[in-house]
Structures are given as C-alpha cells and as structure tokens.
Amino acid sequence: MSSKLYKRILSAVLIAPPFIFSIIYGDAYLMIWLFLAFLISIYEWYGLAKKLEFFFPTMVLGFVYMAISYSSFLALREIYSINLLILFLGMIWFSDIGAFFVGKTFGGPKLIQQISPNKTWSGFGGALFFPALFAVVWSSYMGIHPEFSDNPWYIITFIAAVLGVAIGSVGQAGDLLVSFIKRQAHVKDTGTLIPGHGGLLDRIDSMLLGAPVFLILITLLSYVF
C-alpha cells in the first residue's frame, strides 16, 4: 500500500464517524459541522484568491458560492430528509470513484488537459454511469422522497437515473472549477488539512456545485412528478 493511499484511508477513518454522526442527528450537530467546514473552505479559498490578479471579485464570488453550497447541503437534510441527503452523497462519491477507476483502467483522450491533465473522457463516462447506477439501486430499496412514492417504479427509476447523470456531470464541473482556480493560482492543492487529499476544497469540490443543483432538481421534479 502506497504512503498516499494509506494516508487517505486513515483520513477517511478519522473524518467519517463525526460526519456520519452529524448527518444522522442533524439540527445543531450538522449546523456546527457545516459552519466549521464553511470557515475552512473560505480560508482555503482566500489562500487561492490572494494569488490571483482579481482578488476582491474572486473572494466575493467564492464567499457567495460557498454560502449557497453549504446552505443547500443543510436544506437537503433539514427541509427534505436524511434519505435524500445520503442519496446525494452516494451519487457524488460514486461519481468520483467511477471517474477515478474507469479513467485509470481505460485511459484515452484527455477531457480538458489545460485545466485537469489527469481527467479523461472515459473517466467522465464512469463519472456519469456509476452515480446513475447507484441512484437506481438506492431508489429501488429506499425510494427518493415521499413526494415521488405515488409514481410507478419505472418513473422512479427514470428519475433516479436522470438525477445520477445530472449530479455526475455537475460534480465533475465543480471539480474542474476548483482545478481551474488552482491552476490560475499555480498551486497543486487548496491546503494541507487532509493528509493524502490536500485541502478541504480538494475533497468537496464536487459537492459544492452538486448540492444547490440537486436541491433545485429535486424541487422542480417534485412539481412535475
């Protein structure tokens, strides 16, 4: 096992329990967790912004972006349900996992080499397929949200697949957004908070854009279906 992989596993083992605890119990526990993460994210974004030519507008846009993202994450748990939040997290994780392993296995043409040299089109395909597969399997056992429960199974399966593809796409876009800012700032990672991963933004870049988009999609779909 490589040293970097060992650090990643150890980081996950240490971080996962309090994060899962905050999701399960919600309310103040989740709000405290998200507030701390928000402060760390702003600090790391500041570290990137101060290396750029347009510091102030970058900082303002970053603050608004983080505020919307973290508020959306909280809304998924508190306004909707823990099931919906877990579905979202699962799609994000399966998107990242699918992109990594499919990209490493098949390689091929680069996606956007100027921004993220390691991303490939095959990896992007994995980033769409695996969250869709996860969403379909999850919804077949746990459902999506009670508002969709009156629909036949094939409609729910269709909704789950669409959500999986959409969040897979948006998650990759969020990753590329942070990668673009890092490249402009001439840094490899946003920080050193998480051993094996870099900064917090390096770990949650897909979630930041994914959370508000998922919240909007669920809200719109609840009116349609």
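Residues numbered from 1 in each chain as written. Predicted model: local features only at pLDDT ≥ 70, side-chain atom pairs only at ≥ 80, totals over all residues. Heavy atoms only, no water.

(A) Region of interest: the overall build of the chain. On a plain count of helices and strands, the chain comes out with seven helices and zero strands. Order of helices (α) and strands (β) in the chain, N terminus to C terminus: α-α-α-α-α-α-α. Radius of gyration (C-alpha) of the chain: 18 Å, near the 17 Å computed for a compact globule of 225 residues. Relative to its full complement of 225 residues, the chain shows a buried share of 47%. Sequence-distant contacts, at least 24 apart, represent 71% of the contacts inside the chain between residues at least 6 apart. Total accessible area computed for the chain in this model is approximately 12,200 Å², and 73% of it derives from carbon and sulfur atoms. Taking the average location of the 13 positive side-chain charges in the chain and that of its 11 negative ones, the two points are 14 Å from each other. (Helix = DSSP H or I, 4+ residues; strand = E, 2+ residues; numbered from the N terminus. Rg over C-alpha atoms; globule rule 2.2 N^0.38 Å. Buried < 20%, exposed > 50% of the residue type's maximum accessible area, 1.4 Å probe, protein only. Contact = heavy atoms within 4.5 Å. Areas by Shrake-Rupley, 256 points an atom, 1.4 Å probe, with all protein chains shown as cover. Lys, Arg positive; Asp, Glu negative; His and termini not counted. Charge placed at Lys NZ, Arg CZ, Asp CG, Glu CD.)

(B) Structural view of unusual backbone geometry. Despite not being glycine, His-186 has its phi angle at roughly 60 degrees, a positive value. Structurally, His-186 can be placed in the loop between helix H6 (153-185) and helix H7 (200-224).

(C) Molecular detail of the packing of helix H2 (residues 27-49) against H7. Where H2 contacts H7, the two axes come as close as 10 Å, and the packing angle between them is 110 degrees. As the angle between them shows, H2 and H7 are arranged roughly perpendicular. Residues Ala-37, Ile-40, Ser-41, Glu-44 and Trp-45 of H2 form the contact with H7, whose own contacting residues are Leu-200, Leu-201 and Ile-204. Across the contact of H2 with H7, the residue classes break down as six nonpolar, one polar and one charged. (Axes fitted to C-alpha atoms, helices over the stretch in contact; angles between N-to-C directions. Parallel < 35°, antiparallel > 145°, perpendicular 65-115°, else oblique. Nonpolar A, V, L, I, M, F, W, Y, C, P; charged D, E, K, R; others polar.)

(D) Geometry of the side chain of Lys-182. Counting through the fold element by element, Lys-182 comes out in helix H6. If we ignore the near neighbours within four places in the chain, the residues touching Lys-182 are Leu-48, Val-187, Lys-188, Asp-189, Thr-190 and Asp-202.

(E) Just helix H4 (residues 82-106), in detail. Its 25 residues give H4 an end-to-end C-alpha distance of 35 Å, which sits within 8% of 36 Å, the value for a rise of 1.5 Å per residue. Following H4 by one or two positions, Gly-107 has its phi on the positive side, about 60 degrees. (Expected span 1.5 Å × (residues − 1).)

(F) Fine view of the environment of Leu-163. By secondary structure assignment, the location of Leu-163 is in helix H6. Along the chain, Leu-163 and Val-178 lie 15 residues apart, while their C-alpha atoms are 22 Å from each other.

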